Amino acid sequence: SQQGEEDPQALSIQEGENATMNCSYKTSINNLQWYRQNSGRGLVHLILIRSNEREKHSGRLRVTLDTSKKSSSLLITASRAADTASYFCATRAGTASKLTFGTGTRLQVTL
Amino acid sequence: DGGITQSPKYLFRKEGQNVTLSCEQNLNHDAMYWYRQDPGQGLRLIYYSQIVNDFQKGDIAEGYSVSREKKESFPLTVTSAQKNPTAFYLCASSAEFGLGVLNTEAFFGQGTRLTVV
């Protein structure tokens, strides 16, 4: 079962614009992570936010977490063509190592 | 150079044949994972292992088997019982055991694309 659902499924923007992706999940979590996947490649970790944190920044990335709504958002500011990829949220819950991924958002950044 | 290596990159399987996908890591990570990704879809967990000689079924374990005899290695066998094995398979690892709180990221291999011919 997919723990997370990303929204939108696909997003197309122009270079320089901001991109916002949302993730909703079903159960209580220990942390939520965002990953990026270029076409046909493995995933690369972007940022991790713990359940007791509300916001985190890393370079052009800003992640928020609302545990009361069971949702998170990833904001990429001043997007570049190189940001074109699929973005996934993933959650850890309980004491197990299990890392459960959402369905992903495909981001296309055009020049 | 630390990392996680999957091989082969492309694999072709005949109907009724078992195949084994290799995953090796030199990151000294305790936990390892296998995911399946279908075109345009998210990742679904097949099996995961928190420590050597131990593994658990994920959400879609039927038709797959794994072993964890060494910390560095977590091979996945796609058996003939898996009726629709054509997919992109991703292996990952993360430093888990003994850290108390599971606030660690996962590192992924570059994937194996399996096609049934």
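(A) Representation of the overall build of chain B within the structure. A count of helices and strands for chain B gives zero helices and eleven strands. The linear arrangement of helices and strands in chain B, starting from the amino end, is β-β-β-β-β-β-β-β-β-β-β. What you see for chain B is a C-alpha radius of gyration of 14 Å, in line with the 13 Å of a compact globule of 117 residues. Counting over 117 residues, chain B shows a buried share of 50%. Taking all contacts inside chain B whose residues are at least 6 apart in sequence as the whole, residues at least 24 apart take part in 55%. A total accessible area of about 5600 Å² is found for chain B, and carbon and sulfur atoms account for 48% of it. Across chain B, the centroid of the 11 positively charged side chains sits 9 Å from that of the 12 negatively charged ones.

(B) Molecular detail of the state of the cysteines. Residues and elements named next belong to chain A. Tallied over the entire structure, the rule returns two disulfides over all chains. The partner cysteine of Cys-23 in its disulfide is Cys-89, sulfur to sulfur 2.0 Å. A torsion of 65° about the S-S bond marks the disulfide between Cys-23 and Cys-89 as right-handed. Within this pair, whereas Cys-23 is found in strand E3 (residues 19-25), its partner Cys-89 is found in strand E9 (residues 85-92), the two being separated by 66 residues in sequence. Of the two residues, Cys-23 and Cys-89, both sit in the buried class.

What counts and how
Residues numbered from 1 in each chain as written. Chains lettered and ligands numbered in written order. Predicted model: local features only at pLDDT ≥ 70, side-chain atom pairs only at ≥ 80, totals over all residues. Heavy atoms only, no water. Helix = DSSP H or I, 4+ residues; strand = E, 2+ residues; numbered from the N terminus. Rg over C-alpha atoms; globule rule 2.2 N^0.38 Å. Buried < 20%, exposed > 50% of the residue type's maximum accessible area, 1.4 Å probe, protein only. Contact = heavy atoms within 4.5 Å. Areas by Shrake-Rupley, 256 points an atom, 1.4 Å probe, with all protein chains shown as cover. Lys, Arg positive; Asp, Glu negative; His and termini not counted. Charge placed at Lys NZ, Arg CZ, Asp CG, Glu CD. Disulfide = S-S within 2.5 Å.

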